[in-house]
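# Notes for the structure review
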Amino acid sequence: MVKADVIIIGGGPAGMSAAISAKKAGAEKVVLVERDKRIGGILQQCIHNGFGLHKFKEELTGPEYGERYERTVNELNIEVMTDTMVTDISSDRKVTCINESGLIEFKAGAIVLAMGCRERPRGALNIAGSRPAGVITAGTAQKFVNIEGYLPGNKIVILGSGDIGLIMARRMTMEGAEVKAVCEIMKDSGGLTRNIVQCLKDFDIPLKLSHTISRIHGRERVEGVTVVRVDENMKPVCGTEEYIECDTLMLSVGLIPENELSRKAGIIIDSKTKGPVVDENRQTSCPGIFACGNVVKVHELVDFVSEEGEIAGRAAALYAAGNEFDRSLSTKKHISEKKGVKNLPDKEDTVICTVCPAGCKVTVKKGEDGFEVKGNTCKRGREYAVREVTKPVRTLTTIMASDNGTMVPVKSDKPVPKEKITDCMKIINEKTLRLPISLGDIIIENIGGTAANIVCTRTFNKL
């Protein structure tokens, strides 16, 4: 049996942050266990921007955010075990793993659970119909498109307006698929304001609030779905049924903390969050076992996941060394982004500002002396609103195929005119890049005459 000071299960943002924090707090042998072939977790497939605004005070893509932590993990010589599955943990802090080398058992001074969360499957929904191909969760579709380079369908209907569903509506559209509609059973969208604006409104994708799917049509492959309006009790309203032809139904209906290992250790599970009950140091009901990030509860922003990892990692290192906790660690209060937008305006002179979480509704009118702007609460809001009315721009994030088939995430190093995104995508899709390539390397200069360069957002070595 191998001894370790701190073992972290899960190499996503929470796990990497916890490992770094534990090492800096004095733990000598820190082991980070990840079942995938590379650490980074869900960040690897989240190629869109919007990460790091709180943590790094700049806007990053998921791969860029993840690589910052991955580099620190390597610099600190933290032991990383990839392609390794944890099969069991016990309340006395024994960890059983398996990989191509065989069975490995650890005895840890402290354990940090950072396994993240999983998507709710179709089985959690009461939708009539057979089980044809073409029903897929949004996160799985995101991995197919952004990691594997496969398009799961051509005519898409999305159920659920959470952030992943909204982002995939834009992503599928940019890759040439037709998103027929996004259906949401609630009266308001569950996604962030900026995603509703930039993922649906930008591409004229219908958002059907107070609607759900009552039936899936097709036996071998999805042929269509029946969409129905629901009343205030979320019951289908007879006579409102609408058939939409599609070959793919994408589900974005919620996330659940991964709790199998937590249950095996006998950890008390919160009935509301479905994750472990933790104290201010992120210690669970089992002494010496800590939990952080989406395995505790699903977070809105990865920045807050990283903060929890820091608290749990430091506390785990102190526990393993026999020291007392600093109970001031978890006093920070998080400011979550405002969610839900009712009745997005259609008028050209009305803009939903996305430069900060407030989501101000800003009115812009052209006058003789310039623009009259109302509704903004900051100077940046005014600048954004005027630009959105006169010449809207967007940061372009996508993937490029490499010479060995690996899909590499890329982005524009500055926003490009919104009307040129389609042309830029055509240029990107016609090119193949060569490995190895590093974070920040320029792949295409001045793409489409926009003055923006396409740059790599994660390092890949030649395989």
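Given the structure is predicted, the values throughout are model-derived calculations rather than measurements.

To continue, consider unusual backbone geometry. The omega angle of the peptide bond from L435 to P436 is 0 degrees, so this bond is cis rather than trans. You will see that S210, though not glycine, has its phi angle at about 55 degrees, which is positive. Mapped onto the secondary structure, S210 falls in the loop between β13 (207-209) and β14 (211-217). Its relative accessible area of 16% is what places S210 among the buried residues. Not every positive phi belongs to a glycine, and M234 is a case in point at roughly 65 degrees. As for its position among the elements, M234 is in the loop between β15 (224-229) and β16 (242-245). The class of M234 is partly exposed, set by a relative accessible area of 38%.

As a further point, take the pairing of strand β7 (residues 94-99). Judged from the 4 bridges that link them, strand β6 (residues 85-89) and β7 form a sheet pairing that is antiparallel. The partner of M85 across the bridge, within β7, is I98. What sits between β6 and β7 in their antiparallel hairpin is a turn of 4 residues, with R93 showing a positive phi close to 70 degrees. Across 6 bridges, β7 lies against strand β8 (residues 102-113) in antiparallel orientation.

Turning our eyes to something else, we now look at the sheet that holds strand β11 (residues 155-159). Strands pair in a sheet through their backbones, by hydrogen bonds, and they do so in one of two ways: parallel or antiparallel. The strand order across the open sheet formed by 5 strands is β10-β17-β11-β12-β13, and the pairing between neighbours is parallel. The outermost strands of the open sheet, each flanked by one partner alone, are β10 (135-137) and β13. Put simply, the sheet's adjacent strands are angled 20 degrees from each other on average, direction ignored. In terms of strand pairing, strand β12 (residues 178-184) meets β13 through 3 bridges, oriented parallel. Bridge pairing in β13 places E184 opposite L209.

A contiguous nonpolar surface patch, about 290 Å² in accessible area, is contributed by M85, I98 and L103. Position of L103 among the secondary structure elements: in strand β8. What makes L103 exposed here is its relative accessible area of 60%.

Parameters and conventions
- Residues numbered from 1 in each chain as written.
- Predicted model: local features only at pLDDT ≥ 70, side-chain atom pairs only at ≥ 80, totals over all residues.
- Heavy atoms only, no water.
- Helix = DSSP H or I, 4+ residues; strand = E, 2+ residues; numbered from the N terminus.
- Buried < 20%, exposed > 50% of the residue type's maximum accessible area, 1.4 Å probe, protein only.
- Pairing = 2+ DSSP bridges.
- Axes fitted to C-alpha atoms, helices over the stretch in contact; angles between N-to-C directions.
- Patch = residues over 30% accessible without salt bridge, like charges linked within 9 Å, V, L, I, M, F, W, Y side chains within 5 Å.
- Areas by Shrake-Rupley, 256 points an atom, 1.4 Å probe, with all protein chains shown as cover.
- Salt bridge = Lys/Arg side-chain N within 4 Å of Asp/Glu carboxyl O.

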